[in-house]
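A look at the structure
As a plain string of letters, each chain reads:
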Amino acid sequence: MASTDPAGLTCVLRETYAAARWWVREFSGESAYDKYLARHRRDHGDHPPMSQQEFWRARDRFHERDVSSGCC
């Protein structure tokens, strides 16, 4: 008979949720702002970062200007 370990099950569920959340954020691109904030703190700590709205607008403008085929 398998023992029930609520703490262990909770830990497994928490880790599974964290892993799934990480994958979804990476694939959807949602983690880009978090990466920007980390890079900004490291390289440009002397001025405030863009807000999340400013970041996404700047990113959209960049991609509209630099359209590439993605092919070699």
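Residues numbered from 1 in each chain as written. Predicted model: local features only at pLDDT ≥ 70, side-chain atom pairs only at ≥ 80, totals over all residues. Heavy atoms only, no water.

Secondary structure assignment for the chain yields three helices and zero strands. Order of helices (α) and strands (β) in the chain, N terminus to C terminus: α-α-α. Here the chain, with 72 residues, has 11% of them falling under the buried criterion. Per element, the accessible surface of the chain, about 6,500 Å² overall, is 58% carbon and sulfur. (Helix = DSSP H or I, 4+ residues; strand = E, 2+ residues; numbered from the N terminus. Buried < 20%, exposed > 50% of the residue type's maximum accessible area, 1.4 Å probe, protein only. Areas by Shrake-Rupley, 256 points an atom, 1.4 Å probe, with all protein chains shown as cover.)

Within the fold, Arg-25 resides in helix α1 (residues 6–28). A residue is classified by how much of its surface remains accessible, and Arg-25, at 13% relative accessible area, is buried.

Once that is clear, we can look at the packing of helix α2 (residues 32–43) against helix α3 (residues 52–65). Between two packed helices, the angle of one axis relative to the other and the distance separating the axes together describe the packing. Interhelical geometry of α2 versus α3 gives an angle of 105° and a closest axis separation of 11 Å. Taken together, the axes of α2 and α3 are roughly perpendicular relative to one another. Contacts between α2 and α3 pair Ala-32, Tyr-33 and Tyr-36 from the former with Gln-52, Phe-55, Trp-56 and Arg-59 from the latter. Class assignment for the residues of the contact of α2 with α3 results in five nonpolar, one polar and one charged. (Axes fitted to C-alpha atoms, helices over the stretch in contact; angles between N-to-C directions. Parallel < 35°, antiparallel > 145°, perpendicular 65-115°, else oblique. Contact = heavy atoms within 4.5 Å. Nonpolar A, V, L, I, M, F, W, Y, C, P; charged D, E, K, R; others polar.)

Moving on, we come to a nonpolar patch on the surface. Taken together, Trp-22, Trp-23 and Phe-27 make up a surface patch of nonpolar side chains, about 430 Å² in accessible area. By relative accessible area, which is 47% here, Trp-23 ends up partly exposed. (Patch = residues over 30% accessible without salt bridge, like charges linked within 9 Å, V, L, I, M, F, W, Y side chains within 5 Å. Salt bridge = Lys/Arg side-chain N within 4 Å of Asp/Glu carboxyl O.)

On inspection of all chains with the given rule, the structure shows four salt bridges. Here Lys-35 and Glu-26 are joined by a salt bridge, their closest N and O atoms 3.0 Å apart. For Lys-35, a relative accessible area of 45% gives the class partly exposed. One salt-bridge network, held together by shared partners, links Arg-25, Glu-30 and Asp-34.

Bringing the packing of aromatic side chains into the picture now. Applying the stated rule across the entire model yields six aromatic pairs. Measuring from ring centre to ring centre gives 4.9 Å for Trp-22 and Trp-23, while their planes differ by 85°; the resulting arrangement is edge-to-face. For Trp-22, a relative accessible area of 46% gives the class partly exposed. Taking the centre distance of 5.0 Å and the plane angle of 75° together, the rings of Phe-55 and Trp-56 count as edge-to-face. You can call Phe-55 buried: its relative accessible area is 9%. These aromatic residues form a ring-pair network of at least three members: Tyr-33, Tyr-36, Phe-55 and Trp-56. (Phe/Tyr/Trp six-rings, centres within 6.5 Å; stacked < 30°, edge-to-face > 60°.)

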